[in-house]
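Chain residues, written in single-letter form:
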Amino acid sequence: ENTVEWRKVLRTGVLSMSVELGGGSTGLKVPVGVLELQIELIPNPTSRTSVAEEDIIAQINAERTNKTAAEREFLVYARRWWEEYHNVSKDHANRIVKVFAQLTSATQVMLPVTSWVTPMIANRILDSPQQAARFVALLGYDADVGTASAVTQGGTAGSDSWMSTHAFLLKGQGHVCNHTILLCNLLLGFGLDAYVVIGRDENGPHMWVMTKTTEEVIFWESVTGARYVHVLDGRPPTYMYTHVGCVFNHTVFYGNIQASDHVRSCTFNLDDETCWKPMSTMKLKLCKKQPKVPIHPSTIDCLALEESLESSLLNFVKDHRDGMGLTCAWNAEFSYILAQALCSYEHEKCYGVVVDNRYFEAAVKANVRDGYTFKGYPMHFSHCSDRRIGKAFLQSRTCIDILETVGQLVTHCVRVKCFAYAENVVSVWVMLAVRYKGVAPS
């Protein structure tokens, strides 16, 4: 990640520069390449419209001086806040309270975690908080870095840094910290009272999103899109979160000072200073935010993609059965019936509501006569590679049973349903099915 100072073009109209590209997620401390930039101002500035070089330099220096002073002031305050927090109780040393995170391993820039959070509006691209959660969950999850390192230190492979939201969207893959921050940004854009939570789950250090209303507290798991209601009435929780150390968003930061940091016993009344130690909102305003990132609409033609994938997978099924000396026949009408089930699966994943499948079940029963057997198996993918889907078929015992079905009047079906989200993220559902008449025992 690089920042380019472009304003000198306001004097000359044309500016050439070389930008070294850092190692980024590779962990390299030396540049991996050089980018040559040519910047031109149109229309070209005249002697009356150009900006004097000394004015440009003075503005840049003033901004740098103000930025350095603000960072120094916040750092002094943060150290004092940190000491006060640990002086409240010795147990606080065991809580995960993260005030700063490193932006990139190459520049060693440390920023307050609140700097990563900024409301994002995906107007006419994502229509609801549930769609935003589904979109974030479909982005790639980088399992190469241990979760403990990602939460307590950073979150990119080979380093201890957090990617910016811009870099995360460009890469299309990141760790739990990237997913959580992006989801919090989007929920804030929808007007929700949203926060990033840093704590632990049953597997160790973890991050998730919390939203609050006057009636309830909801936990959002950014990597899966699942949502859970925080319970305090003794009922067993459905979530895996165990401890909470701190919560924050773009304007506030709170450290947990309750006697117990167990999620089940915590109150999330952030205004109660006997339970939560706040940072000064005025001091947090000193911190420069990450640039706002636009969310781009999808350019994927889902119909064409579905037809292409179905054609490839039909050939895959045929080749597999041909290799076993088995015949292959298709049932296009039954394939059409399967589409409604795939739509309901995506709706359930997105909104958490089980769709009434009575009509699908009735259609299946009407097309499976007495003496026939129907087997179907749905699979979900966040990519559109026919080779990887075919490989997944062969790794599933159920799919292999369907592929290698032997009987009378065996007909196979393959149905693909694609759902496009922002940034060309796609949710692909595939149903592999077979209808056949069993072989009578000899």
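Trainee: What's the story with the pattern of salt bridges in this structure? I'm lost.
Mentor: Oppositely charged side chains may form a pair once their charged atoms are brought near each other. Considering all chains together, one arrives at 13 salt bridges under this definition. For Glu-84, the salt bridge goes to Lys-277, with nearest N and O atoms at 3.1 Å. Of this pair, Glu-84 sits in helix α2 (residues 53–88) while Lys-277 is found in strand β13 (residues 276–278), placing the two residues 193 residues apart along the sequence. Residue class for Lys-277 comes out buried when judged on its relative accessible area of 16%. The salt bridge involving Arg-134 is made with Glu-346; its shortest N-O contact spans 2.9 Å.

Trainee: Explanation requested: the pairing of strand β11 (residues 241–248) in the structure shown.
Mentor: A regular strand places its side chains on the two faces of the sheet in alternate fashion. Burial runs high along β11: 7 of the 8 residues are buried. Bridging between strand β7 (residues 193–201) and β11 involves 6 bridges; their strand directions are antiparallel. Looking at β11, one finds that Asp-201 is bridged to Tyr-241. Pairing of β11 with strand β12 (residues 253–256) involves 3 bridges; the strand directions are antiparallel. Considered in β12, the bridge of Phe-248 is made with Phe-253. Counted between consecutive antiparallel strands, the loop separating β11 from β12 contains 4 residues.

Trainee: What exactly am I supposed to notice about the nonpolar core here?
Mentor: Looking at soluble globular proteins, one finds that nonpolar side chains tend to be buried together. In terms of nonpolar packing, the biggest core is built from 73 residues, with Phe-135, Leu-182, Leu-186, Phe-253 and Met-279 touching the most fellow members. At 9 residues, the largest contribution of residues to this core is made by helix α6 (residues 176–189). Counting 23 residues, the second largest nonpolar core, distinct from the first, contains Leu-305, Phe-381, Ile-389 and Phe-393.

Trainee: What am I meant to see in the packing of helix α3 (residues 129–138) against helix α9 (residues 332–351) here?
Mentor: The relative placement of two packed helices is expressed as an angle between their axes plus a distance between the axes. Where α3 contacts α9, the two axes come as close as 8 Å, and the packing angle between them is 105 degrees. It follows that α3 is roughly perpendicular to α9 by the angle criterion. Residues Gln-130, Gln-131 and Arg-134 of α3 form the contact with α9, whose participating residues are Glu-346, Lys-349, Cys-350 and Tyr-351. The class makeup of the residues in the contact of α3 with α9 is 2 nonpolar, 2 polar and 3 charged.

Trainee: Teacher, can you tell me more about the sheet that holds strand β15 (residues 408–420) here?
Mentor: Strand pairing in a sheet is mediated by backbone hydrogen bonds. Such pairs are either parallel or antiparallel. Across the sheet, 3 strands lie side by side as β14-β16-β15; this open sheet has antiparallel pairing. Only two strands of the sheet have a single partner each, and these edge strands are β14 (372–381) and β15. Put simply, the sheet's adjacent strands are angled 15 degrees from each other on average, direction ignored. Pairing of β14 with strand β16 (residues 426–437), which is carried by 10 bridges, proceeds in the antiparallel orientation. Residue Lys-375 lies in a different strand from β16, and its bridge partner there is Val-434. Most of the contacts of helix α8 (residues 302–323) go to β15, to which it runs at about 150 degrees, and overall it touches β15 and β16.

Thresholds, definitions, all that
Residues numbered from 1 in each chain as written. Predicted model: local features only at pLDDT ≥ 70, side-chain atom pairs only at ≥ 80, totals over all residues. Heavy atoms only, no water. Salt bridge = Lys/Arg side-chain N within 4 Å of Asp/Glu carboxyl O. Helix = DSSP H or I, 4+ residues; strand = E, 2+ residues; numbered from the N terminus. Buried < 20%, exposed > 50% of the residue type's maximum accessible area, 1.4 Å probe, protein only. Pairing = 2+ DSSP bridges. Core = buried A, V, L, I, M, F, W, Y, C linked by side-chain atoms within 4.5 Å. Axes fitted to C-alpha atoms, helices over the stretch in contact; angles between N-to-C directions. Parallel < 35°, antiparallel > 145°, perpendicular 65-115°, else oblique. Contact = heavy atoms within 4.5 Å. Nonpolar A, V, L, I, M, F, W, Y, C, P; charged D, E, K, R; others polar.

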